[in-house]
Amino acid sequence: NSFVTRTNTCGELRSAHVGQEVTLYGWVQYQRQGLFLVLRDFQGLTQIVIPQDEAHSHVKKLLSNAPVESVVRVTGIVSPRPPGQENPKMPTGDIEVKAETAEILNSCKKLPFEIKDFIKKSEALRMQYRYLDLRSFRLQYNLRLRSRMVMRMREYLCNLHGFVDVETPTLFKRTPGGAKEFLVPSREAGKFYSLPQSPQQFKQLLMVGGLDRYFQVARCYRDEGSRPDRQPEFTQIDIEMSFVDQAGIQRLIEGLLQYSWPEERGCITIPFPSMTYEEALADYGTDKPDTRFGMKIVDISDFLRGSDIQFVQNALSYPHGTVKAICIPQGVRYLKNKDLESLKESAKSQFNQEIMEIICRPDRRLKSLLTKFLGEEQQSELMQALNMQVDDVVLLAAGEHKQVCSALGSLRLESADLLEAAGLVLRDPTTFHFLWVVDFPLFLPKEENPTELESAHHPFTAPHPSDTSLLYSDPTKVRSQHYDLVLNGSEVGGGSIRIHSAEQQHFVLEKVLKEDSEVLSHLLEALEFGAPPHGGIALGLDRLISLIVDAPSIRDVIAFPKSFRGRDLMGNAPDYVTPEELEPYHIQVSWPLAEKEAKQN
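One structure accompanies this document, and this report is about it. (Residues numbered from 1 in each chain as written. Predicted model: local features only at pLDDT ≥ 70, side-chain atom pairs only at ≥ 80, totals over all residues. Heavy atoms only, no water.)

## Side note on the overall build of the chain
Now for step 1: Looking only at helices and strands, the chain has 19 helices and 22 strands in total.
Now for step 2: Considering only C-alpha atoms, the chain reaches an extent of 95 × 75 × 60 Å along its principal axes.
Now for step 3: At a minimum sequence separation of 6, the contacts of the chain that also span at least 24 residues come to 67%.
Now for step 4: Approximately 30800 Å² of the chain is accessible, and the part contributed by carbon and sulfur atoms is 51%. (Helix = DSSP H or I, 4+ residues; strand = E, 2+ residues; numbered from the N terminus. Contact = heavy atoms within 4.5 Å. Areas by Shrake-Rupley, 256 points an atom, 1.4 Å probe, with all protein chains shown as cover.)

## What to know about a negative patch on the surface
Now for step 1: Negative charge collects at one region of the surface, where Glu-21, Asp-53, Glu-54 and Glu-100 lie side by side.
Now for step 2: Positionally, Asp-53 belongs in the loop between β3 (44-49) and α1 (57-64). (Patch = residues over 30% accessible without salt bridge, like charges linked within 9 Å, V, L, I, M, F, W, Y side chains within 5 Å. Salt bridge = Lys/Arg side-chain N within 4 Å of Asp/Glu carboxyl O. Lys, Arg positive; Asp, Glu negative; His and termini not counted. Charge placed at Lys NZ, Arg CZ, Asp CG, Glu CD.)

## Concerning the layout of surface pockets
Now for step 1: Here the second largest pocket is characterised by a volume of approximately 570 Å³.
Now for step 2: Along the wall of the second largest pocket there are 20 residues; nearest its centre are Tyr-277, Glu-278, Lys-402, Pro-441 and Thr-476.
Now for step 3: The class makeup of the residues in the lining of the second largest pocket is ten nonpolar, four polar and six charged.
Now for step 4: Each of domain 2 (139-275 + 433-556) and domain 3 (293-422) contributes no fewer than three residues to the lining of the second largest pocket. (1 Å grid on protein atoms, 1.4 Å probe; cavity = no way out; pocket = protein on both sides within 12 Å on 5 of 7 lines; lining within 4 Å. Points joined across faces, edges and corners; volume = space filled by probe spheres on them. Nonpolar A, V, L, I, M, F, W, Y, C, P; charged D, E, K, R; others polar. Domains from an automatic or database assignment.)

## A word on the state of the cysteines
Now for step 1: Using the criterion set out here, one finds zero disulfides in the structure.
Now for step 2: Between Cys-360, a cysteine without a disulfide, and Cys-327, which holds the nearest cysteine sulfur, the sulfur-to-sulfur distance is 8.4 Å. (Disulfide = S-S within 2.5 Å.)

## So, the environment of Glu-12
Now for step 1: Turning to its location among the elements, Glu-12 is positioned in the segment before β1 (21-32).
Now for step 2: Once residues lying within four places of it in the same chain are set aside, the contact partners of Glu-12 are Asn-1, His-17, Gln-43 and Thr-92.
Now for step 3: Polar side-chain contacts of Glu-12 include one of 3.0 Å to the side chain of Asn-1.
Now for step 4: There is a polar contact of 2.8 Å between the side chain of Glu-12 and the backbone nitrogen of Thr-9. (Polar contact = N/O pair within 3.5 Å; in protein donor to acceptor, adjacent residues only side chain to side chain.)

## What about the side chain of Lys-203?
Now for step 1: With respect to the element layout, Lys-203 can be found in helix α5 (residues 200-208).
Now for step 2: If we ignore the near neighbours within four places in the chain, the residues touching Lys-203 are Tyr-214, Asp-238, Ile-239, Glu-240, Arg-498 and Ile-537.

## Overview of the environment of Gln-20
Now for step 1: The residue Gln-20 is located in the segment before β1 in this model.
Now for step 2: The spatial distance from the C-alpha of Gln-20 to the C-alpha of Glu-420 is 51 Å, given a sequence separation of 400 residues.
Now for step 3: Setting aside anything within four residues of it in sequence, one finds Gln-20 in contact with Gly-76, Ile-77 and Val-78.

## With respect to the sheet that holds strand β20 (residues 482-487)
Now for step 1: Spatially, eight strands are ordered β6-β9-β10-β22-β21-β20-β17-β11 in an open sheet, and the strand pairing comes out mixed. What marks the edges here is a single partner per strand, and that holds for β6 (164-165) and β11 (274-276).
Now for step 2: Both β6 and strand β9 (residues 213-221) contribute to a ladder of two bridges, which runs parallel. If you follow Asp-165 over to β9, its bridge partner there is Phe-215.
Now for step 3: Running at roughly 20° to strand β10 (residues 233-242), α5 makes contact with β9, β10 and β22 (534-540) of the sheet. (Pairing = 2+ DSSP bridges. Axes fitted to C-alpha atoms, helices over the stretch in contact; angles between N-to-C directions.)

## As for the packing of aromatic side chains
Now for step 1: On inspection of all chains with the given rule, the structure shows ten aromatic pairs.
Now for step 2: Measuring from centroid to centroid gives 4.5 Å for Phe-272 and Phe-434, while their planes differ by 10°, and the two rings are stacked. Highlighted residues: Phe-272 in the loop between α6 (246-260) and β11 and Phe-434 in strand β17 (residues 434-438), separated in sequence by 162 residues. An identical accessibility class is assigned to Phe-272 and Phe-434; each is buried.
Now for step 3: Aromatic side chains Trp-436 and Tyr-483 sit 6.4 Å apart centroid to centroid with 80° between the ring planes, which places their arrangement in the edge-to-face category. Here the residue Trp-436 occupies a position in strand β17, and Tyr-483 occupies one in strand β20, the gap between them amounting to 47 residues. This pair shows no difference in class: Trp-436 is buried, exactly as Tyr-483 is.
Now for step 4: Through a chain of ring-to-ring contacts, the aromatic side chains of Trp-261, Phe-272, Phe-432 and Phe-434 assemble into a single cluster.
Now for step 5: Above the ring of Tyr-259, the side-chain terminus of Arg-152 is found at 3.9 Å from the ring centroid.
Now for step 6: Between Arg-412 and the ring centre of Phe-293, over which it is positioned, the NZ or CZ distance is 3.8 Å. (Phe/Tyr/Trp six-rings, centres within 6.5 Å; stacked < 30°, edge-to-face > 60°. Buried < 20%, exposed > 50% of the residue type's maximum accessible area, 1.4 Å probe, protein only. Lys NZ or Arg CZ within 6 Å of the ring centre and 35° of its normal.)

## Some details on the sheet that holds strand β13 (residues 321-328)
Now for step 1: Strand order in the open sheet formed by five strands is β12-β13-β16-β14-β15, and the pairing between neighbours is antiparallel. One side of each edge strand has no neighbouring strand; the edge strands of this open sheet are β12 (298-299) and β15 (366-367).
Now for step 2: Along the sheet, helix α11 (residues 337-351) contacts β13, β14 (356-360) and β16 (393-400); its crossing angle with β14, the most-contacted strand, is approximately 150°.

Structure (structure tokens):
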């Protein structure tokens, strides 16, 4: 209440305040029959008793007629509620304020939706009237928790561990590889700035500059539309250190999260478990495993190698051929036939992978097209290998290792969604399973041209010390010093130890990635002036907070997010500009005919 004219907030009055005169400011949550109203501010709710006597008739008229969501000032006396009328669900439920004077500071017109968390409203409407949506308790809680966490992170990094908070430019130049960048025209004909997708180059240059420990709450930009966990503009906790190894970065982040973790979300235990990229792919079919539940992928290649099943033998005859399966607990009880068909169709359409099902009947016999190829003893061994129980359903896939693992990993998550929709709880949103994934490949084949390579992380990532020689002979086999932090199946951070040798960085760009290194000449030159060994990480703040508060989308933890298509529905951005405004930037817009007519109309 410092610096303001209220005496208290609407969430702090208790029985100890009875008898005090208080002045409250807030919004009218609701009003009942001219007898009382509930006043709301950022901290909570207080019941205001509307006076009924003739002396206060003007106060009664004013408060009785105040539209919902109007802003009012009320001065009155704190009183205990009459016996039996206490509200244990409200922190202020033992008291009420008997209004003496009141003032309508701003009346509210008819609302496009009710400001209540339980009222369903479309996301488009919420974003169009975001300033109203921000009044909800849910968004207020999310944004305040985010603020508290960021403040604790600053304390930990800057006050306890000597990091320097440095702001880096948002107008820069194009970076080779990676996500698409937003272009910003300049007044020099044909020349454009780019909005950086991260401060990657700047933080490495700060290490060359001897800052030793850098930190920033960084705004980043990617021109790739929105998904539930992506925004064209987003925030990351950006960190870089000199003279550090992978274990040092991991210990720093574990300490940072433990220090800043909200008390109401329980404690997190450190150190976090770790697994390699290959282990994650083999056991969970993804590089960001959700370890809150089982249903791990099981390799049954050796078990079926001696069978007469043709498609199994075909798969195992190829290099990297494998047969794997996942076991869906109580699948018969919770999944319908259409669900199983949907899972098989999903694997076929997304991964071109055929799936075979095996069902464990109540008599513990297996029902499957496979059973005619397997004797009773083999069936029993298969059930043991997959730990099958009555009413379990197994999904089996045969083919190339990575394709099979990816398909089963996707089916594992889809099956969990179906089981939970049917009432079986697998993933508790109040538990937090952190995991480090390490030893990623340094390079991956490009999807559009598998004969060419691209960086799995980014082109500045250093090779694993044991694999440095392979960089020059067989780059496809090189592991990287890249590490991801995963929380409940979502990637919330990623980083690496960087290349600090100009010669090695030049080789990676020119010879392996076939990129023009000229665009990075400033960084390559800097590495020649005594660059220290260095490494870092970036935590996706929006995604991290959304997981902590169990929000369905990162848009629920950002004050003014963009829509699914990257638009600002409240301010209607992006918007048109006139040809006169474009002239200094040497740009002309070539309009498709339909858009031209729509604009003219």
